[in-house]
Amino acid sequence: DQQVKQNSPSLSVQEGRISILNCDYTNSMFDYFLWYKKYPAEGPTFLISISSIKDKNEDGRFTVFLNKSAKHLSLHIVPSQPGDSAVYFCAAGGDDKIIFGKGTRLHILP
Amino acid sequence: NAGVTQTPKFQVLKTGQSMTLQCAQDMNHEYMSWYRQDPGMGLRLIHYSVGAGITDQGEVPNGYNVSRSTTEDFPLRLLSAAPSQTSVYFCASSSGTLEAFFGQGTRLTVV
């Protein structure tokens with residue numbers, strides 16, 4: 001039973017355009033949500049997070065939106081850059097642990 | 001500042017062998033956890049710990065044991081390796097509800 005779902009295994013976006021990665025969750029008890037970025041042969045690195053009491057958090061080119069009623073969050077990257085090509089994991093935290101989704105591979109096209 | 005250090009980076013085991021994956025962090029984090037990453041499956045939580053002496057099961061705990069005798073170390077033990085445990089293993093640490101820091105991973109192959 002997946003608690004954190006990323007339904008798009010991959011996404012291709014033109015350089016300079018907006019990348020939107022989506023994530024759904026099933027457990028309304030999660031306290032906070034995070035996005036991680038992963039390059040091949042490296043560990044995941046933290047990108048941005050949002051508390052369950054907020055609906056938006058912005059950090060430079062990255063913005064995370066949270067819709068609690070829909071149990072949905074999204075990561076917006078604008079403008080997209082070649083170095084953004086990676087696997088992005090959505091994660092949800094609560095009850096002392098963090099649960100990850102399956103990831104979305106983002107390809108930034110020249 | 002080393003962060004989270006995992007050893008070894010690569011390991012090949014025969015079915016039935018046992019081994020311990022080491023994880024150490026120098027950030028004085030209370031929370032540590034182990035994940036495995038498999039193609040198409042994302043990162044799945046194996047075991048986690050909220051402090052020395054306290055551990056709990058994650059999503060896929062079967063076949064793995066953990067202990068947390070110190071704040072710094074959180075080893076993962078495979079008692080009798082199986083081919084289904086072929087994976088990339090990541091250790092992570094965090095301070096409560098803040099972001100988790102990950103190690104570089106251990107690539108394990110069980111033949």
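Preceding this paragraph is the structure being described.
Residues numbered from 1 in each chain as written. Chains lettered and ligands numbered in written order. Predicted model: local features only at pLDDT ≥ 70, side-chain atom pairs only at ≥ 80, totals over all residues. Heavy atoms only, no water.

Q: Would you explain the interface of chain B and chain A in this entry?
A: A common measure of how large an interface is: the accessible area buried when the components associate. Counting residues at the interface gives 19 residues for chain B and 18 residues for chain A. Summed over both partners, the interface of chain B with chain A comes to about 1600 Å²; 62% of that surface belongs to carbon and sulfur atoms. Three residues, Leu43, Glu99 and Phe102 of chain B, lead the burial of chain B against chain A; their summed loss comes to 27% of the area buried on that side. At the surface where chain B touches chain A, the tally comes to 0 salt bridges. The interface formed by chain B and chain A holds 3 residue pairs in polar contact (both at pLDDT 80 or more) in total. Counting only elements with at least two residues in the side of chain B that touches chain A, the list comes to strand 4 (31-38) and strand 5 (42-51) of chain B. (Contact = heavy atoms within 4.5 Å. Buried area = accessible area lost by both parts, 1.4 Å probe. Salt bridge = Lys/Arg side-chain N within 4 Å of Asp/Glu carboxyl O. Polar contact = N/O pair within 3.5 Å; in protein donor to acceptor, adjacent residues only side chain to side chain. Helix = DSSP H or I, 4+ residues; strand = E, 2+ residues; numbered from the N terminus.)

Q: What am I meant to see in the pattern of salt bridges here?
A: Charged atoms that come close allow side chains of opposite charge to pair. Residues and elements named next belong to chain A. Here the structure, examined in full by the defined rule, presents 5 salt bridges over all chains. With a closest N to O distance of 4.0 Å, Lys37 and Asp84 form a salt bridge. One end of the pair, Lys37, is in strand 4 (residues 32-38); the other, Asp84, is in the loop between strand 8 (72-77) and strand 9 (86-94), with 47 residues separating them in the sequence. Classification of Lys37 by relative accessible area gives buried; the value is 12%. As a salt-bridge pair, Asp84 and Arg61 come within 2.8 Å of each other at their nearest N and O atoms. Placement of Asp84 in the loop between strand 8 and strand 9 and of Arg61 in the loop between strand 6 (56-59) and strand 7 (62-67) is noted, with a sequence separation of 23 residues between them. (Buried < 20%, exposed > 50% of the residue type's maximum accessible area, 1.4 Å probe, protein only.)

Q: I tried to follow the pairing of strand 10 (residues 97-100) of chain A on my own but got confused; where do I start?
A: The side chains of a regular strand alternate between the sheet's two faces. All names here are of chain A. Bridge count between strand 9 and strand 10: 4 bridges; the pairing is antiparallel. Residue Gly94 lies in a different strand from strand 10, and its bridge partner there is Lys97. Here strand 9 hands over to strand 10 after 2 residues, with Asp95 in that stretch at a positive phi of 55°. (Pairing = 2+ DSSP bridges.)

Q: Hey, could you run me through the state of the cysteines in this one?
A: Structurally, a disulfide amounts to a covalent bond that connects the sulfur atoms of two cysteines. Summed over all chains, the structure comprises 2 disulfides over all chains. Residue Cys23 of chain A pairs covalently with Cys90 of chain A via a disulfide, S to S 2.0 Å. Here the S-S torsion is close to -75°, and the disulfide linking Cys23 of chain A with Cys90 of chain A is therefore left-handed. A residue pair is termed long-range when its members are at least 10 positions apart, and Cys23 of chain A in strand 3 (residues 19-25) and Cys90 of chain A in strand 9 qualify at 67 residues. Residue class for Cys23 of chain A comes out buried when judged on its relative accessible area of 1%. Under the relative-accessibility criterion, Cys90 of chain A is labelled buried at 0%. Each sulfur in the disulfide pair Cys23 of chain B and Cys91 of chain B lies 1.8 Å from the other. Its torsion about the S-S bond being -75°, the disulfide of Cys23 of chain B and Cys91 of chain B is classed as left-handed. Of the two residues, Cys23 of chain B is situated in strand 3 (residues 19-25) and Cys91 of chain B in strand 9 (residues 87-94); the sequence distance between them amounts to 68 residues. Overall, the relative accessible area of 2% leaves Cys23 of chain B in the buried class. (Disulfide = S-S within 2.5 Å.)

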